[in-house]
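Given next are the chains, with one letter for each unit.
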Amino acid sequence: MVSTRHLLVGLAAISSALAAIPYPPHKVRNAGVPVGQLKNVSGSKYHSDM
Amino acid sequence: MYISYPPGRNTSSKALLYVTDIFGVPLLQNKLLADSLAANDYLVVMPDLFNGDAISVEEQEAGLNLTEWRALHPTSEIDRIINTTIGYMKSQLQVEKIGGLGFCFGGKYVPRFLTTNGGIDLGFIAHPSSLTEQEIGGITKGISIAAGSKFISTATL
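Residues numbered from 1 in each chain as written. Chains lettered and ligands numbered in written order. Predicted model: local features only at pLDDT ≥ 70, side-chain atom pairs only at ≥ 80, totals over all residues. Heavy atoms only, no water.

(A) Spatial organisation of the overall build of chain B. The secondary structure content of chain B amounts to six helices and six strands. The secondary structure elements of chain B, listed N-terminal to C-terminal, are β-β-α-β-α-α-α-β-α-β-α-β. In summary, chain B has a C-alpha radius of gyration of 16 Å against a globular reference of 15 Å for 157 residues, a match within 12%. Each principal axis of the C-alpha distribution contributes one length, and for chain B these read about 45 × 35 × 30 Å. By the burial criterion, 50% of the 157 residues in chain B qualify as buried. Taken as two groups, the 11 positive and 15 negative side-chain charges of chain B have centres that lie 9 Å from each other. (Helix = DSSP H or I, 4+ residues; strand = E, 2+ residues; numbered from the N terminus. Rg over C-alpha atoms; globule rule 2.2 N^0.38 Å. Buried < 20%, exposed > 50% of the residue type's maximum accessible area, 1.4 Å probe, protein only. Lys, Arg positive; Asp, Glu negative; His and termini not counted. Charge placed at Lys NZ, Arg CZ, Asp CG, Glu CD.)

Put into structure tokens, the structure is as follows:
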């Protein structure tokens, strides 16, 4: 039986391994056009596109 | 910040906080995925976690030093941006319930806000990176995790 601790340790191990492997996103031609909005949100440290 | 609205509406009491990978808001696929979620009647908010310094596909393929880049974007700063975004969603967008989505880099951060007063009500993460055992143990709300079986250490299961 898998204990919760084993599951947590396993997940942390997965996570560490993934941190070392940057993945390239798929390059999909004609994937579509975004319909959302880019907004600058004032009142934060990041006055450019937050 | 990229915001994608449910069809025909510009408000919603329920929203998704989309915590991106290292490619961030500029990546077309991230925006398209946000749009597809919005098409299912969710307001989707995707903050720029890197203050305009997201990694491009070209940089990644050219061999960017990821360690150096990560040092420019410490956990404390990412936490600050997410905190500000959650506050914005609740105070300015009148959002009542927030679902957090985290992909790869972002998968570390959704759990950090799934604590009792973290601000996110429910979470989903896919192939989280740099997630610590402490962060996993701190989760007090529902979460769904997608991780590839090839990375599982069979010795621990």
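From this point on, the discussion continues.
(B) Structural context of the sheet that holds strand β3 (residues 43–46) of chain B. In space, the seven strands of this open sheet follow the order β1(A)-β1(B)-β3(B)-β2(B)-β4(B)-β5(B)-β6(B), with mixed pairing throughout. Of all the strands in the sheet, just β1 (37–38) of chain A together with β6 (143–146) of chain B have a single pairing partner and so form its edges. Bridge analysis of strand β2 (residues 14–19) of chain B against strand β4 (residues 97–103) of chain B gives six bridges, and the strand direction is parallel. Along β4(B), the bridge assignment pairs B:A15 with B:I98. (Pairing = 2+ DSSP bridges.)

(C) Expanded view of the pairing of strand β5 (residues 122–126) of chain B. Residues and elements named next belong to chain B. By the bridge criterion, five bridges tie β4 to β5 in an arrangement that is parallel. Each residue of the ladder has a partner; that of G100, found in β5, is G123. Bridge count between β5 and β6: four bridges; the pairing is parallel. The residue of β6 that forms the bridge with I125 is I145.

(D) How the structure looks around the packing of aromatic side chains. All names here are of chain B. If you walk through the whole model with that rule in mind, you get six aromatic pairs over all chains. Between F50 and F105, the aromatic rings sit 5.2 Å apart at their centres with planes inclined by 70°, giving edge-to-face as the arrangement. With a gap of 55 residues between them, F50 in the loop between β3 and α2 (57–61) and F105 in the loop between β4 and α5 (109–112) connect regions that are remote in the sequence. F105 matches F50 in its accessibility class, with the two residues each being buried. (Phe/Tyr/Trp six-rings, centres within 6.5 Å; stacked < 30°, edge-to-face > 60°.)

(E) Seen up close, helix α4 (residues 75–91) of chain B. Residues and elements named next belong to chain B. With 17 residues, α4 should reach 24 Å at 1.5 Å per residue; the first-to-last C-alpha distance of 24 Å fits that figure. Residues of α4 that are buried: E77, I78, D79, I81, I82, T85, I86, Y88 and M89. Structurally, α4 contributes buried residues whose contacts are with β1 (2–4), β2, β3, β4 and α5. (Expected span 1.5 Å × (residues − 1). Contact = heavy atoms within 4.5 Å.)

(F) Structural context of the environment of B:G123. All names here are of chain B. For G123, the position within the fold is in strand β5. A relative accessible area of 8% means that G123 is categorised as buried. A sequence separation of 20 residues divides G123 from I143, and the C-alpha atoms of the two residues are 4.5 Å apart. Beyond its immediate sequence surroundings of up to four residues, G123 is in contact with G100, V110, L114, G142, I143 and S144.

(G) Inspection of unusual backbone geometry at higher detail. Residues and elements named next belong to chain B. Of note, the phi angle at N51 is positive, near 50°, even though the residue is not glycine. Within the secondary structure, N51 is located in the loop between β3 and α2. A relative accessible area of 38% means that N51 is categorised as partly exposed. Phi angles above zero are rare outside glycine, and Q94 is one such case at about 55°. Following the sequence through the fold, Q94 ends up in the loop between α4 and β4. Assessed through its relative accessible area of 48%, Q94 is described here as partly exposed.

(H) Inspection of the pattern of salt bridges at higher detail. Residues and elements named next belong to chain B. Using the criterion set out here, one finds six salt bridges over all chains in the structure. Between E135 and K108 there is a salt bridge; the shortest N-O distance is 2.8 Å. Linking E135 in helix α6 (residues 133–137) with K108 in the loop between β4 and α5, this pair joins segments that are 27 residues apart in sequence. The class for K108 is buried, based on a relative accessible area of 10%. R112 is the salt-bridge partner of E135, the closest N and O atoms lying 2.7 Å from each other. You can see E135 sitting in helix α6 and its partner R112 sitting in helix α5, a full 23 residues away along the chain. Judged by its relative accessible area of 9%, E135 falls in the buried class. You can call R112 partly exposed: its relative accessible area is 30%. Residues participating in the shared-partner salt-bridge network are D79, K108, R112 and E135. (Salt bridge = Lys/Arg side-chain N within 4 Å of Asp/Glu carboxyl O.)

These results come straight from atomic positions and should not be treated as a statement about function.
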